[in-house]
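Structural overview
Okay, here's what each chain looks like letter by letter:
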Amino acid sequence: MGNLLRLLARDDAGNSCCSHQKYDVFLDFENAVPSAEERLLYEDVAEVLRGSQAVIHDLQQYKGAAKEIREAISDPGDDYQRRAWEMVTPLVQKLKQFYLFSNDIEMIVPRILAELCGPEISPTQHLENQQALVKQFAEILEFTLKFDELKMTTPAIQNDFSYYRRTVTRLKIEHNSVEAVDETIDHQLANKMSLFYANSTPMLKILSEATSKFVTEHKEIPLENTTETLATMAKVCQRMLENPELIARFKREETQLFILRVMVALIILYDHVHPVGAFVKASNVDVKGCVKVLRDQPASSSENLLNALRDHFGANIRPRNCRIVVDTLPYNCQLITCRSLTS
């Protein structure tokens, strides 16, 4: 249990890259207004964000067809089969909409990063001068965590889609014809959706892949610009949460939880993009400090976010750098522990 008390092998006195720097930028997540230069991209992102609100609303309302599917499996009678099919078909249409919306995220994120990671000014200057786009990027990050959290707590999604695919296959065999089945989605799209929903955090995977693709395709923007922008944004969120005076400037109570979510999403995204990840001594993200901020919050605000870090780092062990062991303990002693390994 001794290792559970070692959050990181990092000296609080000053070994951290963050310890001697100040990131006291105030990001106005409530009132940021786009400049004339930001306006065009801002409007495009705003349209995507409006879609994200509808997706979250529909996902929160998703009840599934578990009862109808159980009845159809237990009784092969036509009535039960028809009832299950009629229940599942509109649900699969919703799942199709969710998947297609992930394509919108995949397309818009690189455009935002191109603006926020440009080499002409520093990451801190980007955050100060382009707060409206920073706010929108933060809203996409929050949406990503919300979507994946809801998906993980809605097992009916995969059950409904699996039943739909099995039924389509069975009907094709019974009728000996592809045309005889009125498919809600075609076979190719169904395969893509299966891969999407099979992932425990599908929207985060889309976001991470879009960011990695951006780094690969935009050779004119060094990798360090992107990772430092993500790290700086995470550190600014951390500093804001640590400073009661800055938090007091917000009018809405939910803004603090919003910043917590964004901070966690940035840590995970940084870990995906940076060659050695976030959970190492040399990381530009103060993971230890961020976890402390989370642990200082009420359990209702922090528990799911600590679990998100645990699940991510537990599933993404980097043998050449460090082994991640994240334990979910009672709230007053939830800790992240790390044991360094030699390659």
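Before reading further, recall that the structure is shown in the block above.
A brief structural summary. All of these numbers come straight from a predicted model, not from anything done at the bench.

**Here's the deal with the overall build of the chain**
Along the chain, the regular secondary structure elements total 13 helices and 2 strands. For the chain, restricting intrachain contacts to residue pairs at least 6 apart in sequence, the fraction spanning at least 24 positions comes to 75%. Accessible surface, the chain: about 17100 Å² in total, of which carbon and sulfur atoms supply 50%.

**Digging into the nonpolar core**
Here is a general trend for soluble globular proteins: nonpolar side chains tend to be buried in one another's company. In terms of nonpolar packing, the biggest core is built from 100 residues, with Phe-29, Phe-137, Ile-140, Phe-147, Met-240, Ile-259 and Leu-266 touching the most fellow members. By residue number, the principal contributor to this core is helix α3 (residues 78–116), which donates 15 residues. Among all residues touching Phe-137, those that are not within four sequence positions of it are Ile-112, Leu-113, Leu-116, Leu-230, Met-233, Leu-266 and Leu-269.

**Brief notes about the packing of helix α1 (residues 39–60) against α3**
As a packed pair, α1 and α3 sit with axes 10 Å apart at the nearest point and diverge in direction by 150°. With respect to their mutual orientation, α1 and α3 come out roughly antiparallel. For the pair α1 and α3, the sense of crossing is left-handed. Residues Leu-41, Asp-44, Val-45, Val-48, Gly-51, Ser-52, Val-55, Asp-58 and Leu-59 of α1 form the contact with α3, whose own contacting residues are Lys-94, Gln-97, Phe-98, Phe-101, Asp-104, Ile-105, Ile-108, Arg-111, Ile-112 and Glu-115.

**Section: the packing of helix α9 (residues 223–242) against helix α12 (residues 287–295)**
In the contact formed by α9 and α12, the axes pass within 10 Å of each other and the chain directions differ by 40°. The angle between the axes of α9 and α12 places the two elements in the oblique class. Seen from above, α9 lies across α12 with left-handed handedness. Contacts between α9 and α12 involve Gln-238, Leu-241 and Glu-242 on the former and, on the latter, Gly-289, Cys-290 and Val-293. Looking at the contact of α9 with α12 residue by residue, the classes come out as 3 nonpolar, 2 polar and 1 charged.

**Some points on the pattern of salt bridges**
Per the stated rule, a full pass over the model turns up 15 salt bridges. Salt-bridge contacts for Glu-149 lead to Arg-261; the nearest nitrogen and oxygen are separated by 3.7 Å. Taken together, the positions of Glu-149 in helix α5 (residues 131–152) and Arg-261 in helix α11 (residues 254–273) put the pair 112 residues apart, joining distant regions of the chain. On the basis of relative accessible area, Glu-149 is assigned to the partly exposed category, the value being 25%. Among the residues examined, Arg-261 registers a relative accessible area of 11% and is labelled buried. The salt bridge involving Arg-239 is made with Glu-242; its shortest N-O contact spans 3.6 Å. Taken together, the residues span about one helical turn, with Arg-239 and Glu-242 both in helix α9 at a distance of 3 residues.

**So, α5**
Count 3.6 residues to each turn of an α-helix, and residues three or four apart come out pointing the same way. Given a rise of 1.5 Å per residue, 22 residues ought to cover 32 Å, and the 32 Å separating the end C-alpha atoms of α5 matches this to within 8%. Where burial is concerned, most of α5 is hidden: 18 out of the 22 residues are buried.

**Focus: the side chain of Ser-102**
Along the chain, the position of Ser-102 falls in helix α3. Aside from chain neighbours lying at most four places away, what touches Ser-102 is Phe-196, Met-203 and Ile-206.

**Some points on the side chain of Asp-271**
Tracing the sequence through the fold places Asp-271 in helix α11. You can call Asp-271 buried: its relative accessible area is 2%. For Asp-271, the side chain forms a polar contact with the main-chain nitrogen of Ala-278, separated by 2.7 Å.

Thresholds applied
- Residues numbered from 1 in each chain as written.
- Predicted model: local features only at pLDDT ≥ 70, side-chain atom pairs only at ≥ 80, totals over all residues.
- Heavy atoms only, no water.
- Helix = DSSP H or I, 4+ residues; strand = E, 2+ residues; numbered from the N terminus.
- Contact = heavy atoms within 4.5 Å.
- Areas by Shrake-Rupley, 256 points an atom, 1.4 Å probe, with all protein chains shown as cover.
- Core = buried A, V, L, I, M, F, W, Y, C linked by side-chain atoms within 4.5 Å.
- Buried < 20%, exposed > 50% of the residue type's maximum accessible area, 1.4 Å probe, protein only.
- Axes fitted to C-alpha atoms, helices over the stretch in contact; angles between N-to-C directions.
- Parallel < 35°, antiparallel > 145°, perpendicular 65-115°, else oblique.
- Left-handed = near helix turned anticlockwise from the far one by under 90°.
- Nonpolar A, V, L, I, M, F, W, Y, C, P; charged D, E, K, R; others polar.
- Salt bridge = Lys/Arg side-chain N within 4 Å of Asp/Glu carboxyl O.
- Expected span 1.5 Å × (residues − 1).
- Polar contact = N/O pair within 3.5 Å; in protein donor to acceptor, adjacent residues only side chain to side chain.

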